[in-house]
Amino acid sequence: MASPIVSIQDGAENSQQLLIHPRSEGISVQGKLTIPGDKSISHRALMLGAIAAGETVIEGLLLGEDPRSTATCFRAMGAKISELNSQRVTVTGVGLGNLQEPNDVLDAGNSGTTMRLMLGLLASHSDRLFTVTGDSSLRSRPMSRVVKPLTQMGAKIWGRQGNTLAPLAVRGRQLQPTHYHSPIASAQVKSCILLAGLMVDGQTTVTEPALSRDHSERMLQAFGATLDIDHHTHSVTLTGKPTLRGQKVVVPGDISSAAFWLVAGAIVPNSDLLIENVGVNPTRTGVLEALEMMEADITRLNERIVAGEPVADLRVRHSKLKACEIGGNLIPRLIDEIPILAVAAAFAQGTTVIKDAAELRVKESDRLAVMATELSKMGAKITELTDGLEIIGGYKLKGAEVDSFTDHRIAMSLAIAALNAHGKTIINRAEAASISYPNFVDTLTTILQ
Ligand code: S3P
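Residues numbered from 1 in each chain as written. Predicted model: local features only at pLDDT ≥ 70, side-chain atom pairs only at ≥ 80, totals over all residues. Heavy atoms only, no water.

Trainee: Give me the packing of aromatic side chains: which residues, what numbers.
Mentor: For the structure on display, the rule yields four aromatic pairs. Ring centres 6.2 Å apart and planes at 80° place the aromatic pair Phe260 and Phe440 in the edge-to-face group. Of this pair, Phe260 sits in helix α8 (residues 255-267) while Phe440 sits in helix α13 (residues 440-447), placing them 180 residues apart in sequence. Judged by its relative accessible area of 1%, Phe260 falls in the buried class. Here Tyr437 and Phe440 contribute two aromatic rings whose centre-to-centre distance is 5.5 Å and whose plane-to-plane angle is 75°, an arrangement assigned as edge-to-face. Judged on exposure class, the residue Tyr437 and its partner Phe440 are both buried. Through a chain of ring-to-ring contacts, the aromatic side chains of Phe260, Trp261, Tyr437 and Phe440 assemble into a single cluster. (Phe/Tyr/Trp six-rings, centres within 6.5 Å; stacked < 30°, edge-to-face > 60°. Helix = DSSP H or I, 4+ residues; strand = E, 2+ residues; numbered from the N terminus. Buried < 20%, exposed > 50% of the residue type's maximum accessible area, 1.4 Å probe, protein only.)

Trainee: Residue-level account of the site of the ligand, with values.
Mentor: Around the ligand, the structure places Lys39, Ser40, Arg44, Thr113, Ser186, Ala187, Gln188, Arg213, Ile335, Asp336 and Lys363. One of the side-chain nitrogen or oxygen atoms of Asp336 is found 2.6 Å away from an oxygen atom of the ligand. In this structure, Lys363 approaches the ligand through a side-chain N or O atom, which is 2.7 Å from an oxygen atom. Expressed as a share of its isolated accessible area of 380 Å², the protein-covered part of the ligand is 96%. Elements with a contribution of two residues or more to the shell around the ligand: α1 (39-51) and α6 (187-197). Considering each element in turn, the shell around the ligand owes the most residues, three residues, to α1. In terms of residue class, the shell around the ligand is made up of two nonpolar, four polar and five charged. Shared between two domains, the shell around the ligand holds at least three residues of each, these being domain 1 (6-37 + 253-447) and domain 2 (39-250). (Near = heavy atom within 4 Å. Polar contact = N/O pair within 3.5 Å; in protein donor to acceptor, adjacent residues only side chain to side chain. Areas by Shrake-Rupley, 256 points an atom, 1.4 Å probe, with all protein chains shown as cover. Nonpolar A, V, L, I, M, F, W, Y, C, P; charged D, E, K, R; others polar. Domains from an automatic or database assignment.)

Trainee: Could you give an account of the packing of helix α11 (residues 367-377) against helix α12 (residues 408-419), naming the residues involved and the relevant values?
Mentor: The contact between α11 and α12 brings their axes to 11 Å, and the two run at 30°. Relative to α12, the element α11 is oriented roughly parallel. Once α11 is placed against α12, the crossing between them reads as right-handed. Along the contact surface, α11 presents Arg367, Val370, Met371, Glu374 and Leu375, while α12 presents His408, Arg409, Ile410, Ser413, Leu414 and Ala417. For the contact of α11 with α12, the per-class residue count stands at six nonpolar, two polar and three charged. (Axes fitted to C-alpha atoms, helices over the stretch in contact; angles between N-to-C directions. Parallel < 35°, antiparallel > 145°, perpendicular 65-115°, else oblique. Left-handed = near helix turned anticlockwise from the far one by under 90°. Contact = heavy atoms within 4.5 Å.)

Spelled out as structure tokens, the structure:
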């Protein structure tokens, strides 16, 4: 694993430090690579497999810590899930409505998707008691966004600070049909309500202010649920009590993971990378549009549909980037890519403004605050706004000691910034990358020239 440019060493309290020290004569990133499976699709495949009747086969599952948390929770409620691997995982589901009361607390770890989607399912399982918790990051993230609509459906949920923070206790009940107008464009909120609606007699509708990722809608339909989707009003209606049957799910590569290499290829001189098998679902490709606005040289090749999801290979070559403005309806379509787009902006000529992104404050870390402080340590001209970031690009970055704040996307974004910085960067608590990208450092080592 060790290369002269990239190495890992022990940090404080069982953490790891990632050291990146580009040669002064320059480096580039070159070659072909594949990325791990999509995190959102991996969670949903495990969950729908767990509640469907019969067997689900998942190919390409992400082996990160987050899907492992989902698998552990659903095993504890009776689903039979084979050992996780990226080739073939089998899930024998319990059948709709048959999740068992677990004999211990369900631990979602660092995963907001696990906790929020699972809460929809738990709330609708009558007469069973569930307790859910997570790590210190997840226990500080707002759960009111799902507790509120679930309560509107009749759910009984208790938790800290007025039932807004985990640990949460859920007493499952028969829920009622609802039409929920979500104040935020959040796929986690939308999916939670739709999953709760599976056990409702009648219809459950969610309307969101802008379209968030639609993997739940696609997969629910593939498993046998009836959904009515209104693209104009961003509304989804699910008809309750469907027969869900196990399916084969092929998980494409995660565009949120590809984003690190897209930006690496774009900012490091003489780079040329081919990233194969990337999910390009239009609700997730905001990062490609933002990089196109910045005049990055990215080509989509071999576009195809794999198991209901659009997939392509992406080629990126180094180019001169220009500043751009990112906001509005684009935000939910690139929500997880804002930290790495901030890195791209630091190398783009002009002032990039990212706005309408206050949601970033309640992710695994406060990503606006953390990116502003950590990239500033490397010499970037970056200012935190209430709902975004302003980055004056084109200043040479220098190596510095920075911290991931245990946030996987921060760790990897800082690593990419370090590739184009002068001198050595030390990223503390870099092991966080394994939440969504366990082989990140290996891949980085392989493509560095
Ligand atoms: C996810 C939705 C997004 C995203 C998260 C995964 C999902 O969160 O940030 O990493 O799988 O539904 P929100 O929908 O709450 O913004």
